Amino acid sequence: MKILVTVKEVAEAEDDFEIDGLDIDERYLEYDLNEWDDYAVEEAVTIAEDGDDVEVVSVTIGPERAEETVRMALAKGVDRAIRVWDDDLESADMLDVGTKADILAAVVEEEDPDLVFSGVQANDDGFGATGVALAEVVDMEWGAVVNDLDLDAEGGVAHVHRELEGGVEELTDIELPAVLTIQTGINEPRYASLRGIRQAQRKPLDVQGLGDLGLDASVLESAVSRTAMFEPESESDVTVFEGGAEEEAGQLADLLRDKGVVEG
Amino acid sequence: MLDYVGLEADLDAEERMIRDTARDFVDETVRPDVGEHWIEGTFPTDLIEKMGDLGFYAPNLEGYGLPGVSETAYGLLMQELEACDSGLRSMASVQGALVMYPIHAFGSEEQKEEWLPKLGTGEAVGCFGLTEPEHGSDPSSMTTHAESEDDGYVLNGAKTWITNSPIADVAVVWARDRSADDSPVRGFLVETDRDGVSTNKIDEKLSLRASITGEIGLNDVYVPEENVLPEVSGMKGPLSCLTQARYGIAWGAIGAARDCFETARQYATDREQFGGPIARFQLQQQKLAEMATQITTSQLLAHRLADLKERGEMTPQHVSMAKRNNVRMARDQSRIAREMLGGNGITADYSPMRHMANLETVYTYEGTHDIHTLVLGQDLTGFAAFEQ
């Protein structure tokens with residue numbers, strides 16, 4: 001069995017930052033593995049540990065800097081990784097969901113996995129659509145916002161819980177091969193051990209360009225473009241309650257009554 | 001954390017990942033409760049196996065399931081642990097440098113195979129018995145002794161100020177072998193469940209409270225011959241362990257100082273008096289400038305020490321200089337950080353006073369500050385001031 005996990009290195013802005021053109025000024029950004037992808041990696045690695053002959057491959061689209069993030073996934077137990085990047089990708093203004101889905105689809109075709117795990121969303125641009133769009137392109141079954149997974153590898157079925165709006169959960173069976181987008185809280189992601197970190201430096205990390213995947217620069221054409229970047233004005237008022245827990249609870253109760261949230 | 005001259009920019013990918021993993025682990029699983037443990041005088045024992053799973057014990061050694069990371073990576077790990085609390089770093093130092101190191105360096109193959117894997121994972125806890133109630137800075141005059149008997153030895157004596165002795169499964173006990181000529185100091189692996197072993201806990205410490213400390217009493221304790229560390233005889237045994245542990249302390253102290261610095265800097269920029277943040281006042285800026293400079297020069301020493309250790313050129317005197325300088329620096333700067341926090345600084349809500357109290361222990365353990373001064377004095381002049 002093979003599981004492909006899509007991971008992304010995301011930018012995190014400091015609390016105070018400046019905007020530079022259409023982006024946050026690079027000086028205020030730090031890069032890290034996308035939180036949702038951390039759960040996706042954990043889910044795949046756990047399945048590999050519990051099962052026989054499960055290979056976990058992770059794929060990212062990103063510059064050389066992203067290798068550190070990918071190595072962290074390798075340190076946590078992913079067997080090998082693919083990083084897709086070349087000059088065309090480097091010069092693209094932005095990569096929209098369609099572009100990413102097409103690139104990842106080419107990797108899926110090459111790897112032929114039984115399962116693809118993708119984080120529900122990325123905590124920088126937050127499109128929240130790449131996983132599902134990928135399923136559409138490669139014509140696989142899919143389940144979005146999965147917060148519980150019971151895999152029946154032999155039967156080729158994933159029994160999943162999906163988080164819907166309003167606190168409702170859907171319990172459903174999805175036939176493999178499938179793309180599942182993984183929600184935070186599905187597991188408890190591990191820390192990489194020092195031994196894992198050492199081993200990760202020696203695991204294969206293959207860099208592929210668009211050409212290697214049978215694609216060309218036309219995949220970067222997009223109907224979406226970024227037009228502006230601004231910090232929204234804060235319009236809400238803040239009320240700070242002070243006192244012991246009981247007093248604070250009383251003040252909150254008064255406020256909720258005033259606003260008509262609760263009666264009485 | 002402060003890295004003013006960008007020393008960490010030169011780390012390799014593996015070292016950066018180790019630093020980041022240690023930092024995340026400490027931030028998420030230890031830091032939230034460490035003040036509470038300190039006040040209660042308890043060590044979070046559930047961390048022992050967690051840190052073992054991550055490979056935090058003796059990661060710079062090779063074989064027996066140990067990862068064999070660089071000396072710089074090991075130093076960075078100690079720094080991140082002590083940035084949280086000196087007690088946390090002490091746990092890792094004792095287990096790794098004082099218990100696993102001597103078994104690795106001087107043990108028999110059977111001893112290595114029995115102990116290193118389970119000490120490495122934290123399944124077993126070790127402690128190191130050198131200091132005695134009447135013999136601290138002068139350990140070679142120890143009175144704990146062994147007499148040969150029935151293909152083994154009978155041990156008698158008392159050790160004190162032993163980190164983790166009350167929870168240890170095994171103690172590395174240094175004792176004089178009176179059955180041999182000149183009564184050389186030998187190392188004995190003493191399982192703490194042997195008849196005649198007691199491990200009383202020392203309570204009511206005013207420093208290093210989030211760390212378990214005790215005594216080791218040895219009352220006619222029999223150990224078989226195979227429990228003796230075969231490859232070392234004389235003070236070189238315990239002293240070489242201490243060189244390893246002090247190397248970690250030289251790094252760790254910087255972590256405590258950096259945590260104090262960052263806390264003070266944040267406080268100074270947030271705290272408003274006289275119509276604005278106190279960081280705009282020159283007196284506060286002078287303190288931060290001095291603190292940053294002291295931390296940076298100590299960092300330079302630690303990074304250089306790592307390079308020397310990596311290439312096998314580090315001497316015990318180098319380590320004395322770094323331990324002496326860096327712990328003094330951290331001790332002094334933690335007090336300045338506490339002062340900048342005013343009244344808030346005396347609560348456990350902020351780390352500096354906890355670090356400050358801890359560093360009193362670090363200042364005089366593993367060779368007091370004064371003894372390291374004399375070690376350097378001897379190295380520089382050829383005269384040993386501590387010999388009669």
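Predicted model only: the values in this text are computed from it and were never measured. (Residues numbered from 1 in each chain as written. Chains lettered and ligands numbered in written order. Predicted model: local features only at pLDDT ≥ 70, side-chain atom pairs only at ≥ 80, totals over all residues. Heavy atoms only, no water.)

Let's talk about the overall build of chain B
Within chain B one finds ten helices and eleven strands. Its C-alpha atoms give chain B a radius of gyration of 21 Å, within 12% of the compact-globule value 21 Å for 388 residues. C-alpha extents for chain B along the principal axes are approximately 80 × 50 × 40 Å. Per-residue burial for chain B yields a buried fraction of 58% across its 388 residues. (Helix = DSSP H or I, 4+ residues; strand = E, 2+ residues; numbered from the N terminus. Rg over C-alpha atoms; globule rule 2.2 N^0.38 Å. Buried < 20%, exposed > 50% of the residue type's maximum accessible area, 1.4 Å probe, protein only.)

Digging into the interface of chain A and chain B
The interface of chain A with chain B comprises twelve residues on the first partner and 22 residues on the second. Interface area for chain A against chain B, summed over the two sides, is near 1500 Å², with a carbon-plus-sulfur share of 62%. Together, A:Tyr191, A:Leu194 and A:Arg198 form the three largest contributors to the area buried by chain A at its contact with chain B, with a combined 49%. Across the contact surface, chain A and chain B share two salt bridges. One can count eight residue pairs in polar contact (both at pLDDT 80 or more) joining chain A with chain B. Listing elements by their share of the side of chain A that touches chain B, those giving two or more residues are α2 (67-75) and α6 (194-200) of chain A. When its residues are assigned to classes, the side of chain A that touches chain B shows six nonpolar, two polar and four charged. (Contact = heavy atoms within 4.5 Å. Buried area = accessible area lost by both parts, 1.4 Å probe. Salt bridge = Lys/Arg side-chain N within 4 Å of Asp/Glu carboxyl O. Polar contact = N/O pair within 3.5 Å; in protein donor to acceptor, adjacent residues only side chain to side chain. Nonpolar A, V, L, I, M, F, W, Y, C, P; charged D, E, K, R; others polar.)

Details of the packing of helix α4 (residues 97-111) of chain A against helix α5 (residues 130-138) of chain A
Residue and element names in this part refer to chain A. One can describe the packing of α4 onto α5 by two numbers: an axis separation of 8 Å at closest approach and a directional angle of 55°. Classified by the angle their axes make, α4 and α5 are oblique. The interaxial crossing formed by α4 with α5 has right-handed handedness. In this structure, α4 uses Val97, Lys100, Ala101, Asp102, Leu104, Ala105 and Val108 to contact α5, whose residues at the interface are Thr130, Ala133, Leu134, Val137 and Val138. Residues of the contact of α4 with α5, tallied by class, amount to nine nonpolar, one polar and two charged. (Axes fitted to C-alpha atoms, helices over the stretch in contact; angles between N-to-C directions. Parallel < 35°, antiparallel > 145°, perpendicular 65-115°, else oblique. Left-handed = near helix turned anticlockwise from the far one by under 90°.)

Quick word on the state of the cysteines
Residues and elements named next belong to chain B. Inspection of the entire model under this criterion finds zero disulfides over all chains. For Cys84, which is in no disulfide, the shortest distance to another cysteine sulfur is to Cys260 and amounts to 12 Å. With no disulfide of its own, Cys127 lies 13 Å from the sulfur of Cys241, the closest cysteine sulfur. The exposure class assigned to Cys127 is buried, which follows from its relative accessible area of 0%. (Disulfide = S-S within 2.5 Å.)

Focus: the environment of B:Pro44
Along the chain, B:Pro44 turns up in the loop between α1 (13-40) and α2 (46-53). Sequence spacing of B:Pro44 and B:Val34 is ten residues, and the spatial spacing of their C-alpha atoms is 8.1 Å.

Concerning the packing of aromatic side chains
Residue and element names in this part refer to chain B. Under the defined criterion, the tally for this structure stands at eight aromatic pairs over all chains. Their ring planes at 85° and their centres at 5.6 Å tell us that Phe25 and Phe56 sit as a pair that is edge-to-face. Highlighted residues: Phe25 in helix α1 and Phe56 in the loop between α2 and β1 (62-63), separated in sequence by 31 residues. Above the face of the Trp115 ring, Lys118 is positioned so that its terminal group lies 4.8 Å from the ring centre. One cation-aromatic arrangement involves Arg209 over Trp38; the distance from NZ or CZ to the ring centre is 5.9 Å. (Phe/Tyr/Trp six-rings, centres within 6.5 Å; stacked < 30°, edge-to-face > 60°. Lys NZ or Arg CZ within 6 Å of the ring centre and 35° of its normal.)

Quick look at the UniProt feature "domain: Electron transfer flavoprotein alpha/beta-subunit N-terminal" (unreviewed entry) in chain A
In the UniProt entry, the feature "domain: Electron transfer flavoprotein alpha/beta-subunit N-terminal" (unreviewed entry) is given for residues 21-217 of chain A. For the annotated span residues 21-217 of chain A, helix accounts for 31% and strand for 30% of the residues, and the straight-line distance between the end C-alpha atoms is 25 Å. (UniProt positions renumbered as here; feature names shortened; annotations may be inferred.)

With respect to the pattern of salt bridges
In the structure shown here, the tally under the stated rule is 36 salt bridges over all chains. For the salt bridge of B:Glu339 with B:Lys287, the shortest nitrogen-to-oxygen distance reads 3.0 Å. Residue B:Glu339 is found in helix α8 (residues 316-340), and its partner B:Lys287 is found in helix α7 (residues 282-310); the two are separated by 52 residues along the sequence. On the accessibility criterion, B:Glu339 (39% relative accessible area) is partly exposed. We classify B:Lys287 as buried; its relative accessible area is 17%. Counted as one network, the salt bridges with shared partners bring together A:Lys2, A:Glu55, A:Arg80 and A:Glu111.

So, the UniProt feature "domain: Acyl-CoA dehydrogenase/oxidase C-terminal" (unreviewed entry) in chain B
Under the UniProt annotation, the feature "domain: Acyl-CoA dehydrogenase/oxidase C-terminal" (unreviewed entry) is placed at residues 234-378 of chain B. For residues 234-378 of chain B, the end-to-end C-alpha separation is 20 Å, with 77% helix and 3% strand making up the annotated structure.

A short note on the domain arrangement of chain A
According to the domain assignment, chain A contains domain 1 (2-220) and domain 2 (234-264). Inter-centroid distance (C-alpha atoms) of domain 1 of chain A to domain 2 of chain A is 41 Å. (Domains from an automatic or database assignment.)

Comments concerning the nonpolar core
By size, the foremost hydrophobic cluster in this structure holds 133 residues, and its most contacted members are A:Phe117, A:Leu180 and B:Trp174. Broken down by element, this core gets its largest block of residues, 16 residues, from helix α6 (residues 236-270) of chain B. Counting residues in hydrophobic clusters, the runner-up holds 25 residues, among them A:Ile61, A:Ile82, A:Ala105 and A:Met140. (Core = buried A, V, L, I, M, F, W, Y, C linked by side-chain atoms within 4.5 Å.)

Comments concerning unusual backbone geometry
Geometrically, the link from A:Leu176 to A:Pro177 is a cis peptide bond, its omega value of -5° lying close to zero. The backbone phi angle of B:Asp150 is positive, close to 45°, even though this residue is not glycine. Assignment of secondary structure puts B:Asp150 in the loop between β4 (145-149) and β5 (152-163). Judged by its relative accessible area of 60%, B:Asp150 falls in the exposed class. Its identity as a non-glycine residue notwithstanding, B:Phe274 has a phi of 55°, on the positive side. As for its placement among the helices and strands, B:Phe274 is situated in the loop between β10 (272-273) and β11 (276-277). Exposure remark for B:Phe274: the relative accessible area of 73% places this residue in the exposed category.

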